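As a plain string of letters, each chain reads:
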Amino acid sequence: MTPETPKVHHVFEKTDIEKNRLVAALSYLGLLFLIPLLLKTDSPFAQFHARQGLVLAIVFFIGSFFFWIPLFGWAAFIMVALVDIYALIKTLSGEAWEVPGAQTVLQKLNL
């Protein structure tokens, strides 16, 4: 039996969230994750979402080779798109929702 990794809750300053939530939301619109990643280096909130947007962009890129497959690919595309939309909505509401698996990928990529 392996011990569970403790859940990390990200806490950001309210001023950072209010000032950068619209820019951070760009992270979930395809390659627009580059805007907060490169322009908002002083905002932990924007950087958190930009890095997750990077992971979702990679998933979309890799998935594009499989999304055309009937049923399986379509279902995978819908699931990834729904996660992307949900993350966008959470970001606009000022929350730091973790995309499932994104933090693990970021740690493995050392980002």
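Before reading further, recall that the structure is shown in the block above.
Residues numbered from 1 in each chain as written. Predicted model: local features only at pLDDT ≥ 70, side-chain atom pairs only at ≥ 80, totals over all residues. Heavy atoms only, no water.

### Looking at helix α4 (residues 72-92)
In plain terms, the rule: Here a helix means four or more residues in a row that DSSP labels H or I, a strand means two or more in a row labelled E, and each is numbered from the N terminus. Expected helix span is given by 1.5 Å per residue-to-residue step, counting one fewer step than there are residues. Using a 1.4 Å probe on the protein chains alone, a residue whose accessible area is under 20% of its type maximum counts as buried, one over 50% counts as exposed, and one in between counts as partly exposed. By the convention used here, residues are in contact when the closest approach between their heavy atoms is within 4.5 Å.
Here α4 spans 30 Å end to end across 21 residues, near enough to the 30 Å set by a 1.5 Å rise per residue. Those residues of α4 lying buried are Gly73, Val80, Ala81, Asp84, Ala87, Leu88, Lys90 and Thr91. Buried residues along α4 sit against α1 (14-25) and α3 (44-63). Of the residues trailing α4, Gly94 is marked for its positive phi of about 85°.

### Here's the deal with the pattern of salt bridges
Rules: Any carboxyl oxygen of Asp or Glu within 4 Å of a side-chain nitrogen of Lys or Arg constitutes a salt bridge here.
This model, assessed by the stated rule, comprises 2 salt bridges. For the salt bridge of Arg21 with Glu18, the shortest nitrogen-to-oxygen distance reads 3.8 Å. Residue Arg21 and its partner Glu18 are located together in helix α1, separated by 3 residues, close to a single helical turn. On the basis of relative accessible area, Arg21 is assigned to the partly exposed category, the value being 27%. We classify Glu18 as exposed; its relative accessible area is 54%. Between Lys90 and Glu95 there is a salt bridge, with the nearest N and O atoms lying 3.0 Å from each other. The class for Lys90 is buried, based on a relative accessible area of 18%.

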